[in-house]
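So you can see what is in the structure, the chains are spelled out below.
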Amino acid sequence: MRQLIEAITRTSNPSVVGLDPKPSLLPKILLRNAKSPQDVAQAYFSFNTAIIDAVYDIVPAVKPQIAMYESWGEAGINAYTRTNEYARSRGLYVLGDIKRGDIGSTAQAYASHLNGTPKIEGMEPVDVWHEDAVTVNPYLGIDGIEPFIEAAQECDKDIFVLAKTSNPSSADLQDLTIANTNLTLSEHVALLLEQWGETTRDSQYGYSRVGAVVGATHPVIGAKLRELMPHTFFLVPGYGAQGGTARDLRGLFDSNGMGALVNSSRGIIAAWQKAEDIPEFSSTEQALDFVAHYAREAALAMKNDITNALS
Ligand SMILES: O=C(O)c1cc(=O)[nH]c(=O)n1[C@@H]1O[C@H](COP(=O)(O)O)[C@@H](O)[C@H]1O
């Protein structure tokens, strides 16, 4: 987590901008002439680069959600990887929200998100995804996670494993109490994450490469999980559009005000839709400038909101 922690320190901002484009979140003019997935993917890329240019100096990281891109097939995936590459070129930590999980041999293939294309004779692995970290699902247990941890260790990258997700029905499974223990499933996952990450702890900061996803929408559970996971960095989605507030975040950070990265996607990239006066855009440039201006304002407001709540 060193790279992420240093980016947070550099920007004094523990928040991440979620790059989750959808047609309904883009100014109509960007899709006015769209006739193919390629056209939409190009619009997504322009939208993303405008946002990245607007926030790269005030936020440490971006989190593109791959589903938004996969919906458009090959062209969408291409927009995803180009977005990641562009974000990195602007110095941002790229957290690929891919939520993978499978049996060991398949997980190994998914882990190529971190350590590059599989090794074959005569060819060096290629980093085709341009990610610094990915999100992973722990449902299959350690053999579905180990390939990601090994790849992260090999390439100085990180993973974030779902522990207590932000959605209302996370309770269906994650709040169940495990027989013969007084632990819920999310608490059990928390203990596993501490164990799984143990050998990858950073000597200076104490956090391992194995982070946890803990929703801002469950502040009481989140605070308990923070106690159970002193060496585990949190990715905290659910702030903003899903109702999580800065007040809810306090218990998710450590006593130094570190240890968590708060995500907002729609709250930043669609902030322009909340503007009092939205003009009839006469060009795509004008529309992108408008989107970028409101994204920056929203990112700064989020930074202030979180910083005030933590001080
Ligand atoms: O792993 C995630 O990022 C994630 C986990 C979770 O528990 N809840 C959650 O909302 N997310 C993601 O975080 C983002 C939230 O988007 P907004 O609600 O628009 O801020 C989406 O990309 C979700 O897929």
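It should be emphasised that the depicted structure is a prediction, and the values quoted were computed from it without experimental measurement.

Criteria and thresholds
Residues numbered from 1 in each chain as written. Predicted model: local features only at pLDDT ≥ 70, side-chain atom pairs only at ≥ 80, totals over all residues. Heavy atoms only, no water. Helix = DSSP H or I, 4+ residues; strand = E, 2+ residues; numbered from the N terminus. Rg over C-alpha atoms; globule rule 2.2 N^0.38 Å. Buried < 20%, exposed > 50% of the residue type's maximum accessible area, 1.4 Å probe, protein only. Contact = heavy atoms within 4.5 Å. Areas by Shrake-Rupley, 256 points an atom, 1.4 Å probe, with all protein chains shown as cover. Lys, Arg positive; Asp, Glu negative; His and termini not counted. Charge placed at Lys NZ, Arg CZ, Asp CG, Glu CD. Axes fitted to C-alpha atoms, helices over the stretch in contact; angles between N-to-C directions. Parallel < 35°, antiparallel > 145°, perpendicular 65-115°, else oblique. Left-handed = near helix turned anticlockwise from the far one by under 90°. Nonpolar A, V, L, I, M, F, W, Y, C, P; charged D, E, K, R; others polar. UniProt positions renumbered as here; feature names shortened; annotations may be inferred. Polar contact = N/O pair within 3.5 Å; in protein donor to acceptor, adjacent residues only side chain to side chain. Patch = residues over 30% accessible without salt bridge, like charges linked within 9 Å, V, L, I, M, F, W, Y side chains within 5 Å. Salt bridge = Lys/Arg side-chain N within 4 Å of Asp/Glu carboxyl O. Pairing = 2+ DSSP bridges. Near = heavy atom within 4 Å. Arc of directions from axis to C-beta.

A. The arrangement of the overall build of the chain in detail. When you go through the chain residue by residue, the secondary structure sums to 12 helices and 8 strands. Against the globule reference of 19 Å for 311 residues, the chain gives a C-alpha radius of gyration of 19 Å, in line with a compact fold. C-alpha extents for the chain along the principal axes are approximately 65 × 55 × 40 Å. A buried classification covers 53% of the 311 residues belonging to the chain. Intrachain contacts of the chain at a sequence separation of at least 6 include 73% that bridge at least 24 residues. Carbon and sulfur atoms make up 51% of the accessible area of the chain, which amounts to about 14,000 Å² in all. Positive and negative side-chain charges in the chain, numbering 25 and 37 respectively, have mean positions lying 4 Å apart.

B. Quick look at the packing of helix H2 (residues 37-55) against helix H12 (residues 284-310). Where H2 meets H12, the axes come as close as 8 Å, and the angle between the chain directions of the two elements is 45°. Between H2 and H12, the crossing angle belongs to the class labelled oblique. The chirality of how H2 crosses H12 is right-handed. Of the residues in H12, those touching H2 at Ser46, Phe47, Ala50, Ile51, Ala54 and Val55 are Leu288, Val291, Ala292, Ala295, Arg296 and Ala299. For the contact of H2 with H12, the per-class residue count stands at 10 nonpolar, 1 polar and 1 charged.

C. Main features of the UniProt feature "active site" (unreviewed entry) in the chain. Per the UniProt record, "active site" (unreviewed entry) is found at Lys99. Within the fold, Lys99 resides in strand S3 (residues 93-100). Of the residues examined, Lys99 reaches a relative accessible area of 39% and is grouped as partly exposed. Residue contacts for Lys99: discarding those within four places in its chain leaves Gln65, Thr135, Val136, Asn137 and Leu162. Among the polar contacts listed, one links the side chain of Lys99 to the side chain of Asp97, at a separation of 2.9 Å.

D. Broad picture of the side chain of Ser170. Positionally, Ser170 belongs in the loop between strand S5 (158-164) and helix H8 (171-174). Ignoring any residue separated from it by four or fewer positions in sequence, one finds Ser170 in contact with Lys164, Thr165, Asp175 and His218.

E. Broad picture of a nonpolar patch on the surface. On the surface, Ile103, Tyr139, Leu140, Leu173 and Leu176 cluster together into a nonpolar patch covering about 530 Å² of accessible area. As for its position among the elements, Leu176 is in the loop between H8 and helix H9 (185-197). For Leu176, a relative accessible area of 47% translates into the label partly exposed.

F. Broad picture of the UniProt feature "domain: Orotidine 5'-phosphate decarboxylase" (unreviewed entry) in the chain. When the UniProt feature table is mapped to this numbering, "domain: Orotidine 5'-phosphate decarboxylase" (unreviewed entry) covers residues 14-281. In the segment residues 14-281, helix accounts for 36% and strand for 15%; the C-alpha atoms at its two ends are 33 Å apart.

G. Molecular detail of the sheet that holds strand S8 (residues 260-264). Within the closed barrel, the 8 strands sit side by side as S1-S2-S3-S4-S5-S6-S7-S8. Their pairing is parallel. Direction aside, the axes of adjacent strands within the sheet are offset by 30° on average. The pairing of strand S4 (residues 133-136) with S5 spans 4 bridges and is parallel. Residue pairing in the sheet places Val136 in a bridge with Val161 of S5. Across the sheet, H9 touches S5 and strand S6 (210-214), and the angle it forms with S5 is around 160°. Here helix H10 (residues 219-228) sits on the sheet in contact with S5, S6 and strand S7 (234-236), set at roughly 165° to S7.

H. Broad picture of the site of the ligand. For the ligand, the set of nearby residues contains 17 residues, the closest of which are Asp20, Ser166, Gln242, Ser265 and Arg266. Gln65 has a polar side-chain atom sitting 3.4 Å from an oxygen atom of the ligand. At 2.6 Å, a side-chain N or O of Arg266 approaches an oxygen atom of the ligand. When isolated, the ligand has an accessible area of 510 Å², and the protein chains bury 89% of it. Those elements that place two or more of their residues in the shell around the ligand are S3 and S8. Considered class by class, the residues forming the shell around the ligand number 4 nonpolar, 8 polar and 5 charged.

I. H10, seen in detail. When we look at burial in H10, the residues that qualify are Gly222, Leu225 and Arg226. For H10, the buried positions fall inside an angular range of 105° around the axis, keeping them on one side. Along H10, the residues that are exposed and aim more than 90 degrees away from the buried face are Val220 and Glu227.

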